[in-house]
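Next come the chains, spelled out residue by residue.
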Amino acid sequence: MKMDCVFCKIAAGEIPSNKAYEDEKVLAFYDLDPQAPVHILIIPKEHIGSCADITPENSAIVAHIFEVAAKLAEEKGLSEGFRIVSNAGKDGGQTVPHLHFHLLGGRSMEWPPG
Ligand code: 5GP
Ligand code: ZN
């Protein structure tokens, strides 16, 4: 756990969150500032900075997160589709430096993103 990391604190239960799914490796919780009718963040409990820090040693968690995302999308009724976004670094618009995937759905999305 990275002591000054908000999402590490959420994963450890030190900061409360509205949970959508949890297991020993990942946590999914509702975004504080939702950008779609369904807006869930899926994070590894282990601290990984961003997509830029994925390595052969830790990449299995990404596959697991996508399995959780597919299950949540089905559970939340996103049969018309959804979007998964992971912002990385300054140009990517990342504001919390702990790897997370936004699962967004319940409305039509635009492309390209701003
Ligand atoms: P980023 O901009 O890094 O891709 O996404 C960070 C997301 O985390 C934002 O959508 C923001 O609303 C959300 N967020 C930041 N702090 C908290 C928090 O303490 N609790 C929850 N539930 N969401 C948070
Ligand atoms: Zn962290």
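Let me sum up the structure you'll find in this document. (Residues numbered from 1 in each chain as written. Chains lettered and ligands numbered in written order. Predicted model: local features only at pLDDT ≥ 70, side-chain atom pairs only at ≥ 80, totals over all residues. Heavy atoms only, no water.)

## Comments concerning the site of ligand 1
In step 1: Taken together, 16 residues surround ligand 1, and among them Asp 31, Asn 87, Thr 95, His 100 and His 102 come closest.
In step 2: Residue Gly 93 places a main-chain N or O atom 3.3 Å away from an oxygen atom belonging to ligand 1.
In step 3: A molecule is said to occupy a pocket when more than half its atoms come within 2 Å of that pocket's grid points, and by this definition ligand 1 occupies the largest pocket.
In step 4: Where the shell around ligand 1 is concerned, the elements lending two or more residues are helix H1 (6–11) and strand E2 (26–30).
In step 5: Counting residues per element, the shell around ligand 1 draws most heavily on H1, at three residues.
In step 6: Here the residues of the shell around ligand 1 sort into eight nonpolar, six polar and two charged. (Near = heavy atom within 4 Å. Polar contact = N/O pair within 3.5 Å; in protein donor to acceptor, adjacent residues only side chain to side chain. 1 Å grid on protein atoms, 1.4 Å probe; cavity = no way out; pocket = protein on both sides within 12 Å on 5 of 7 lines; lining within 4 Å. Sits in = over half its atoms within 2 Å of the grid points. Helix = DSSP H or I, 4+ residues; strand = E, 2+ residues; numbered from the N terminus. Nonpolar A, V, L, I, M, F, W, Y, C, P; charged D, E, K, R; others polar.)

## Side note on the coordination of the zinc ion (ligand 2)
Six octahedrally arranged donors around a metal ideally form angles of 90 or 180 degrees; four tetrahedrally arranged donors ideally form angles of 109.5 degrees.
In step 1: The coordination sphere of the zinc ion (ligand 2) contains the protein donors Cys 5 (SG), Cys 8 (SG), His 47 (ND1) and His 98 (ND1), at a distance range of 2.0 to 2.3 Å.
In step 2: With four donor atoms in place around the zinc ion (ligand 2) and angles of 104 to 116° between them, the coordination shape is tetrahedral.
In step 3: Taken in sequence order, the residues that donate to the zinc ion (ligand 2) follow the motif C-x2-C-x38-H-x50-H. On the criterion of sequence distance, the pair formed by Cys 8 in helix H1 and His 98 in the loop between helix H3 (89–92) and strand E5 (101–105) is long-range, its members being 90 residues apart.
In step 4: Judged by its relative accessible area of 2%, Cys 8 falls in the buried class. (Donors = N, O, S within 2.8 Å, 3.2 Å for Na, K, Ca; no water. Tetrahedral: all angles 85-135°; square planar, octahedral: opposite > 155°, others 65-115°. Buried < 20%, exposed > 50% of the residue type's maximum accessible area, 1.4 Å probe, protein only.)

## Here we look at the sheet that holds strand E1 (residues 19–22)
In step 1: A sheet is described by the order of its strands in space; here five strands give the open sequence E1-E2-E3-E5-E4, paired in antiparallel fashion. Looking at which strands have only one partner, the edges of the open sheet turn out to be E1 and strand E4 (82–85). Sheet twist, expressed as the average angle between the axes of neighbouring strands with direction ignored, equals 20°.
In step 2: Relative to E5, E4 runs antiparallel, the two being bridged by four bridges. Bridging from a neighbouring strand, Val 85 pairs with His 102 of E5.
In step 3: Helix H2 (residues 60–75) contacts E1, E2, strand E3 (38–44), E4 and E5 of the sheet and is inclined by roughly 155° relative to E3. (Pairing = 2+ DSSP bridges. Axes fitted to C-alpha atoms, helices over the stretch in contact; angles between N-to-C directions. Contact = heavy atoms within 4.5 Å.)

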